[in-house]
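Spelled out from the first residue to the last, the chains are:
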Amino acid sequence: MMRPQLLGLLGIALAIPLAQFADGSETPVATTAAADEVSFKKKVVPILKRRCAVCHITGNEPGNMALTPNGAYDSLVNQDSVQSDLLRVKPGAANESYIVHKLKGSQAQAGGLGDRMPYMAPPLSSTQLQLITTWINQGAQNN
Ligand code: HEC
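So, a few notes on the structure that sits alongside this text. (Residues numbered from 1 in each chain as written. Predicted model: local features only at pLDDT ≥ 70, side-chain atom pairs only at ≥ 80, totals over all residues. Heavy atoms only, no water.)

### What to know about the overall build of the chain
- Secondary structure summary: the chain contains six helices and zero strands in total.
- Counting helices and strands in the order they occur from the N terminus, the chain gives α-α-α-α-α-α.
- Burial statistics for the chain: of 143 residues in total, 34% are counted as buried.
- Across the chain, every contact between residues at least 6 apart in sequence was considered, and the portion connecting residues at least 24 apart equals 44%.
- Per element, the accessible surface of the chain, about 9000 Å² overall, is 59% carbon and sulfur. (Helix = DSSP H or I, 4+ residues; strand = E, 2+ residues; numbered from the N terminus. Buried < 20%, exposed > 50% of the residue type's maximum accessible area, 1.4 Å probe, protein only. Contact = heavy atoms within 4.5 Å. Areas by Shrake-Rupley, 256 points an atom, 1.4 Å probe, with all protein chains shown as cover.)

### A look at the pattern of salt bridges
- All chains considered together, the criterion is met by one salt bridge.
- Between lysine 90 and glutamate 96 there is a salt bridge, and its shortest N-O distance comes to 2.8 Å.
- A relative accessible area of 31% places lysine 90 in the partly exposed class.
- Accessibility expressed as a relative area gives 40% for glutamate 96, which makes it partly exposed. (Salt bridge = Lys/Arg side-chain N within 4 Å of Asp/Glu carboxyl O.)

### Side note on the coordination of the iron atom of the ligand
- Those protein atoms acting as donors to the iron atom of the ligand are His56 (NE2) and Met117 (SD), and they sit at 2.0 to 2.3 Å.
- Judged by relative accessible area, histidine 56 falls into the buried class, the value being 11%. (Donors = N, O, S within 2.8 Å, 3.2 Å for Na, K, Ca; no water.)

### Notes on the packing of helix α3 (residues 40-51) against helix α6 (residues 126-137)
- Where α3 contacts α6, the two axes come as close as 10 Å, and the packing angle between them is 130°. In terms of orientation, α3 lies oblique with respect to α6. Classified by chirality, the crossing of α6 by α3 is left-handed. Residues Phe40, Lys43, Val44, Ile47 and Arg50 of α3 form the contact with α6, whose participating residues are Gln128, Leu131, Ile132 and Trp135. (Axes fitted to C-alpha atoms, helices over the stretch in contact; angles between N-to-C directions. Parallel < 35°, antiparallel > 145°, perpendicular 65-115°, else oblique. Left-handed = near helix turned anticlockwise from the far one by under 90°.)

Written as structure tokens, this is what we have:
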């Protein structure tokens, strides 16, 4: 029979590693696949809403796209760019997606024109750009 004091110590020893997982920073290998899948609605839409939808509102503005939460997916995925021969978002191929060139400032090399996006504003962070390219390379799902 284990003494109650020993059971208490065991409880503390188990609680410490569990607490580390709870905040998500020390996640074990087993959860990596799920954590790496970029959700369009949770990760990409908030960036577009904050940085793009101030100008790309109804689809009638220059660029002809609505990048609002409700309009963005249909305006981007498998849609022809008005400035280049590329698709705005080609599922599985970020390098051939015009939006990525517009965000990096390589639109001219990609056969397009105009300025880097967001227009007249600081570029997206490398983390934000990475989220968008990963989402495209994972198939640009409406997830
Ligand atoms: C201040 C207004 C403004 C903001 C903010 C803005 N854009 Fe634009 N966007 C424009 C204008 C104006 C054009 C057309 C002229 C140009 O391309 O330089 C354009 C064109 C585009 C095009 C070309 C569309 C096509 O079919 O070829 C893309 C793609 C684009 N924007 C994406 C974005 C994204 C993504 C964001 C947010 C990260 C963004 N824009 C933020 C004003 C804006």
